[in-house]
Structures are given as structure tokens and as C-alpha cells.
Amino acid sequence: MSSGNRILLLVVVAFGSFLVTASLVSSSRANKENGNEPAGQLASISEPTPPATRPRTITPGTVPLPSLGPGASLHGKRLFPLDNPWNQDISNSPVDPNSANLIKSIGVDDRLHPDFGTVWNGAPNGIPYVVVAGTQPLAPVSFRSYGGESDPGPYPVPRDAPIEGGPNGTGDRHVLVIDRDRWKLYEMFSAAPVNNGASWLAGSGAVFDLNSNALRPEGWTSADAAGLPIFPGLVRYDEVFEQREIKHALRFTVGRSRRAYVYPARHFASGDPDPNLPPMGMRVRLKASFDISSYSAANQVILRALKKYGMFVADNGPGWFLSGAPDPRWSNDDLGLLKNIKGFNFEVVRMGPVVTR
């Protein structure tokens, strides 16, 4: 056989091998997609299952509509525009010059406390929420304490909307409602249904356009002491286990706060001018050096958010209490391991102008 013919034969054989291999790969992928892949067939080319801690990649325009009901999944729909403070990556922001004193005032050795879970004292543990459709009937709302700083009703509150602490709760009794069609957030503090929920009585209330960066008027409270929305600062089950990523800042409370607030907060809740106390709206983050590798996949989702987005001082209460929404699927034991994190593991992100008036 001439050298030219030998070269031609080699090319034909190589091309035939390529077609056979491609056919096998194509057949394997088709079987895998149809659930018919035999055990061990072409294992070397099968794609590994992404680990549970890997954030999901969602193609723009494919985010499904949020579900309806108490504790419903938003399916990855993000709250507020991307440039909103809640969505700001502060992992590389400078540390506040007074960070050490501010952390000390909250409690250097005090533990982080997940203030949410399954059930506590017979009621869902955490701040609940409900997602409604744009057709939800409106209910009149009357305000007792901060009517002058509240957005007037009516609000689209279901008659059986979940109340923080349960129907007989004696705490803050927050009620949070998300209108998924108008993409608005309605929040009430110290809320109580009247006439089986035909109308509502509340201490204060606020409405937030989730497509806007608009803040409360300066000096105004909301359903939260800091004048911030509550819902965006909650640890939610759907984000931890469905999205496997929290892409916003969280919310926590401190035992003592300063008579001051910083952006994006709009209201203070103290008479103490001590500059070493945290003002409302102060943001802390988990130190980048803190090793999270020993924590569960679920807890790592929370801890990564605390490193990347931090958490805002939003109200007075027990120090280092991290807010979240209740869900019967949480593992209280696993969440309890977050208590191994202490105050000295956090640092204060550099603050802007402090408002004291």
C-alpha cells in the first residue's frame, strides 16, 4: 500500500472512532436525562452532582413567580434594586475606626443567637410572613402609637395572617405581608386583628415598594425601630435550602443602642448619646478570617451572607439576636451551633454620617 493510501486509511479509521465515541456519549446523556442510565456506564464522562453548598445559577428572566401563603418561597426573586443597601457587598469595605468599642458595647464574649427555628413556647419561632396575590382584599388599619409616622391603610392583610409569637403573643407581634404581583411589602408592629381580621389595629405600619430604593422620611420609624423594612433582613428557609445562597444583609438586635442612626436607617430608639453604643442602622460583618468549614451546609449559607452582606442593627432587644422566619423544617439543633460564634468574631463596617437629632 502506498504511503498516501495508508494516510487516507488512518484518517478514515480515526474519523470512524470519533463517530462511535460521540454516539456513545450522546446515547449516555440521553439515557441519563431519561433516567435510564445503567449503573457504571461511561461513569468517567458523567457530570458530578453540584454540592449542596454551591449557589444556584439562575438565568435572568427565568425566576418563577413567588409562591403564595405563609412562609412561601420567593424562588430567588430579589428584593429591591441591585444597588440597594440591603444588596450591597461589604466584604471589602473598611472597618469603622471605633469598631472595637462598639463591639464591646454589644458584648465581646456574648454569643450569636439565631432568633428563629421551628417552635418556641408553643408558637412558631421567628418573625413570620405571608405572600399574597394582587387580588387580596384590603383591610382597614388603625394605628395606636406612631400614626403620624405610619403609612395609612388599607393593607392587603389576610384575616388569618400569621402574627409573631402567635395569636396570643405578647411580644412585638409583627405582621409582614408581601404582595407578589404589585411587589410591595406591608409591615405592622404590635398588630391585632379586629372582627376576626376584617380590620387591624397596630402600633405602627410601613409600606415599601420592592422595586424602589426610596427610604422612609427622615426621623420616621417603621414596623421596626430603625425605620427599616424587616422582611429583607430575615434568614429564610427557601433561601438557605432552595437557593442555597442569601444575597442580602440580615437583621439583629442589641441590648443598648445610641440616640442616633446611620444610613439606611431613619430612626433611633434610645436616649443615650454615648458614641460607643451602636446607632440604628450600624452594620457589622463576620470577619473574613473566621473559619466556617466545620459548620453544616445550611449554616455555611448563613455565615457566608454574614461575611459578604453583614447585618444591620434594627431594634433594641437581646444582644446578637439574629432574626429569621419560622419554618417547621428547620433543625433547631443545627441552628444552635451558630451560638459558638461570639461578638469578637464580628467587626463594624465603616459608618457614614451619624444623625443624632
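### Let's talk about the pairing of strand β8 (residues 184–189)
By the bridge criterion, five bridges tie strand β7 (residues 175–179) to β8 in an arrangement that is antiparallel. Paired with Val177 across the strands is Tyr186, a residue of β8. With antiparallel pairing between neighbouring strands as the criterion, β7 and β8 make up a hairpin whose turn holds four residues, including Trp183 at a positive phi of roughly 55°. Strand direction decides the pairing type here: β8 and strand β11 (residues 204–209), joined by six bridges, are antiparallel. Within the sheet, the bridge partner assigned to Leu185 lies in β11 and is Phe208.

### Here's the deal with helix α4 (residues 297–308)
Within an α-helix, residues lying three or four positions from one another point in the same direction, as the helix has 3.6 residues per turn. Helix length check: α4, at twelve residues, gives a terminal C-alpha distance of 17 Å against a target of 16 Å (1.5 Å per residue), a fit within 8%. Of all the twelve residues making up α4, nine are buried; the element is thus mostly covered by neighbouring parts of the structure. Listed in full, the buried residues belonging to α4 are Ala298, Asn299, Gln300, Val301, Ile302, Leu303, Ala305, Leu306 and Lys307. Just downstream of α4, Gly310 is the residue with a positive phi angle, here 75°.

### Brief notes about the packing of aromatic side chains
Counted by the stated rule, this structure contains twelve aromatic pairs. Ring geometry for Trp86 against Phe312: centres 4.9 Å apart, planes inclined by 75°, an arrangement best described as edge-to-face. Pair noted here: Trp86 is in the loop between β1 (69–70) and α2 (99–106) and Phe312 is in strand β15 (residues 311–316), with a separation of 226 residues, a long-range link. Grouping residues by exposure puts Trp86 and Phe312 together as buried. Between the aromatic rings of Phe252 and Trp320, the centroid separation amounts to 5.4 Å while the plane-to-plane angle is 10°, which identifies the pairing as stacked. Pair noted here: Phe252 is in strand β12 (residues 250–254) and Trp320 is in the loop between β15 and β16 (321–323), with a separation of 68 residues, a long-range link.

### Here's the deal with the sheet that holds strand β17 (residues 346–348)
Taken in spatial order, the six strands of this open sheet run β2-β16-β12-β15-β14-β17, and their pairing is mixed. Two strands lie at the open edges of the sheet, namely β2 (113–115) and β17, each paired on one side alone. Each adjacent strand pair in this sheet contributes to an overall mean axis angle of 40°, direction not counted. With three bridges connecting them, strand β14 (residues 283–286) and β17 associate as antiparallel partners. By the bridge assignment, Leu286 is partnered in β17 with Phe346. In the packing of α2 onto the sheet, the strands contacted are β12, β14 and β17, and the crossing angle to β17 comes to about 125°.

### Things to note about the pairing of β15
The buried fraction of β15 is high, at five of six residues. Of the pairings in the sheet, the one linking β12 to β15 comprises five bridges and is parallel in character. Paired with Thr253 across the bridge in β15 is Asp315. Bridging between β14 and β15 involves two bridges; their strand directions are antiparallel. Opposite Arg283, over in β15, you have Phe312 as the bridge partner.

Criteria and cut-off values
- Residues numbered from 1 in each chain as written.
- Predicted model: local features only at pLDDT ≥ 70, side-chain atom pairs only at ≥ 80, totals over all residues.
- Heavy atoms only, no water.
- Pairing = 2+ DSSP bridges.
- Helix = DSSP H or I, 4+ residues; strand = E, 2+ residues; numbered from the N terminus.
- Expected span 1.5 Å × (residues − 1).
- Buried < 20%, exposed > 50% of the residue type's maximum accessible area, 1.4 Å probe, protein only.
- Phe/Tyr/Trp six-rings, centres within 6.5 Å; stacked < 30°, edge-to-face > 60°.
- Axes fitted to C-alpha atoms, helices over the stretch in contact; angles between N-to-C directions.
- Contact = heavy atoms within 4.5 Å.

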